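Architecture at a glance
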Amino acid sequence: GYLVIRYCSARDLGLFGIAASFEGFAAIFVSAIMQIFDVKMANRFGETDSVRDSLKSLIPPTLFSLACSVVCALILCALIGPFVRLFVPKYVDAIPIVYILSLGMPLGALLIPTRLLRVALRFKSIYAMTLVRVGSMVLLIHLVPHDISWFAACKMGAELLSIFVGYALLLFAVKHEQ
């Protein structure tokens, strides 16, 4: 919220909050799927004590979650315009922001394997991903026009960079395990 107020406006904060609420509501199903796989991932890691073996078992759930999240994002994008125009026309300017934030659902599904770092108690890796996410967000915001749509795109870009770092750290953990 602070960054939106600092670089955009109070009105943009309201639009961003509404857009994030709609995206969050649509992501409930995807979050539920991810929580199911979190438990299975923890059990698998407990059985094998191997990042490599646990990571292999996460490929099908990640692909399934990715497919479900893409479908949910597409449904959200198809329905959000008519819904907002009909029920809350005051927030029609939030529709393009919802489109951008809907990318968060597939990106969240791609984060499933990186959650293995928590299960494996790789705290430095988790901190590194968080620092990359926050640092890249702040850096990206400085490089783009101060518009709420660009802000939302920076948020998605930061998430994507965090995923790349997480995958690199997972590969490092697998190589280190061998």
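What this report covers is the structure whose coordinates are included nearby. (Residues numbered from 1 in each chain as written. Predicted model: local features only at pLDDT ≥ 70, side-chain atom pairs only at ≥ 80, totals over all residues. Heavy atoms only, no water.)

1. Here's the deal with the environment of leucine 15
Stated precisely, the cut-off is as follows: Helix and strand labels come from DSSP, where a helix needs a run of H or I of at least four residues and a strand needs a run of E of at least two; each type is numbered from the N terminus. Throughout, a contact is declared for two residues whenever any of their heavy atoms are within 4.5 Å.
Checked against the element boundaries, leucine 15 lands in helix 2 (residues 10–26). As a C-alpha pair, leucine 15 and proline 96 span 81 residues in sequence and 10.0 Å in three-dimensional space. Sequence-distant contacts of leucine 15, defined by excluding residues within four places in its chain, comprise Tyr91, Asp93, Ala94 and Ile97.

2. Some remarks on the state of the cysteines
Heads up, the rule is: When the sulfur atoms of two cysteines come within 2.5 Å, that pair is taken as a disulfide.
One pass over the structure, following the stated rule, counts 0 disulfides. Take cysteine 8: it sits in no disulfide, and the sulfur closest to it among the cysteines is that of cysteine 154, at 9.1 Å. Unpaired in this structure, cysteine 77 has its nearest cysteine sulfur neighbour in cysteine 72, at a distance of 11 Å.

3. Some remarks on the nonpolar core
For the record, the criterion: The definition of a nonpolar core used throughout is a set of buried Ala, Val, Leu, Ile, Met, Phe, Trp, Tyr and Cys residues joined through side-chain atoms within 4.5 Å. Type-normalised accessible area, obtained with a 1.4 Å probe on protein chains alone, sets the label of each residue: buried when under 20%, exposed when over 50%, and partly exposed for intermediate values.
In terms of nonpolar packing, the biggest core is built from 47 residues, with Phe16, Val51, Ile97 and Leu116 touching the most fellow members. By residue number, the principal contributor to this core is helix 10 (residues 148–177), which donates 10 residues. Each residue touching isoleucine 97, except ones within four places of it in the same chain, is listed here: Leu15, Phe16, Ala19, Ile148, Ser149 and Ala152.

4. Observations regarding unusual backbone geometry
Phi is positive for aspartate 49, close to 50°, though the residue is something other than glycine. Here aspartate 49 lies in the loop between helix 3 (28–48) and helix 4 (51–57). Classification of aspartate 49 as exposed rests on a relative accessible area of 58%. At leucine 121, a residue that is not glycine, the phi angle is positive and equals roughly 60°. Mapped onto the elements of the fold, leucine 121 is located in the loop between helix 8 (116–119) and helix 9 (123–143).

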